[in-house]
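Here's the letter readout for the chains.
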Amino acid sequence: MEGFENFIGLNPWTALFTLCNLVITFLILRKFLFKPVKKMIDSRQKEIDDLYADAGAAKSEAEAMRSDYEQKLLEARQTSAEILRQAQSDADAKGEEILRQARSDADALRDKARSDIALEKKKALNDIKSDISQIALDIAEKVVEKEINAADQQALIEEFIRNMGDEV
C-alpha cells in the first residue's frame, strides 16, 4: 500500500493537516469575512425594507393629502359659489333699491314741478286779472267820463274778476 500511497500521494498526516487548515481558514473567514458581509447584507436589506416602508407611508400620506386637498377644493368651490350667489342677490336687491329710490325721486320732482306750474299759472292769472281789471277800469272811466269812488271801483273789479274766472 505504500506504493499506492506514493502514487496517489495521500499522506494521512498531510490530509489531516490540510483538513485542519481548511477548518481554521473556514473559521477565520467566517469570523472576519462571512459575519461582516452577512451583517452588511442584512443592514442593506433592512435599509431597502425601510425605504419601501417609507415609500409606502409617503404614498399613503400623499393619498390622504390628495383626498384632503380635493375635499378642501370642493368646499372652496361651494363657498365661492355661495359667495357669488349672495353677491348676485345683494346686487339685485341694491339695484331694486336704487330703482325704487330713483322712481320716488322722479315722482317727487314731477309733483313739485306740477305744484310749481300750478302756482305760476295761478300767479299769472292773478296778474292778468289785475292788469285787465285796471285796463277795464280805465276804459270804463273814459266811457262814463266820471270819477268812480273806491267802493264802486272795488265792486266793478270783483265783478270783472268773477266774469274772467268763469271764462278762463
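Everything quoted here is computed from the prediction, not taken from an experiment.

Analysis parameters
- Residues numbered from 1 in each chain as written.
- Predicted model: local features only at pLDDT ≥ 70, side-chain atom pairs only at ≥ 80, totals over all residues.
- Heavy atoms only, no water.
- Helix = DSSP H or I, 4+ residues; strand = E, 2+ residues; numbered from the N terminus.
- Buried < 20%, exposed > 50% of the residue type's maximum accessible area, 1.4 Å probe, protein only.
- Areas by Shrake-Rupley, 256 points an atom, 1.4 Å probe, with all protein chains shown as cover.
- Salt bridge = Lys/Arg side-chain N within 4 Å of Asp/Glu carboxyl O.
- Patch = residues over 30% accessible without salt bridge, like charges linked within 9 Å, V, L, I, M, F, W, Y side chains within 5 Å.
- Lys, Arg positive; Asp, Glu negative; His and termini not counted.
- Charge placed at Lys NZ, Arg CZ, Asp CG, Glu CD.
- pLDDT = per-residue confidence, 0-100.

**Student:** An account of the overall build of the chain is requested, with residue identities and associated values reported.
**Tutor:** For the chain, the count of helices and strands is three helices and zero strands. Expressed as a percentage of the 168 residues in the chain, the buried residues total 4%. Total accessible area on the chain stands at roughly 14900 Å², and carbon and sulfur atoms take up 61% of it.

**Student:** For the pattern of salt bridges, give the residues involved together with the corresponding values.
**Tutor:** Following the criterion strictly, the structure yields nine salt bridges and no others. Two residues, arginine 66 and glutamate 70, come together in a salt bridge whose shortest N-O distance is 2.7 Å. On the criterion of helical spacing, the pair formed by arginine 66 and glutamate 70 is a turn pair, its members being four residues apart in helix H2 (residues 12-144). Of the residues examined, arginine 66 reaches a relative accessible area of 42% and is grouped as partly exposed. By relative accessible area, glutamate 70 is classed as partly exposed at 41%.

**Student:** Describe a nonpolar patch on the surface, with residues and values.
**Tutor:** Judged by side-chain polarity, Trp13, Leu16, Leu19, Leu22, Val23, Phe26, Leu27, Leu29, Leu33, Phe34, Val37 and Ile41 come together as a nonpolar surface patch covering roughly 1200 Å² of accessible area. With respect to the helices, strands and loops of the structure, leucine 29 is situated in helix H2.

**Student:** Account for a positive patch on the surface, with residues named and values stated.
**Tutor:** Together, Arg30, Lys31, Lys35 and Lys39 give the surface a local cluster of positive charge. Positionally, arginine 30 belongs in helix H2. Its relative accessible area of 40% is what places arginine 30 among the partly exposed residues.

**Student:** An account of the confidence of the model for the chain is needed here, citing residue identities and associated values.
**Tutor:** Looking at the chain, the pLDDT average stands at 84 and 86% of residues meet or exceed 70. Highest mean pLDDT in the chain belongs to H2 (89); lowest belongs to helix H1 (residues 2-8) (59).

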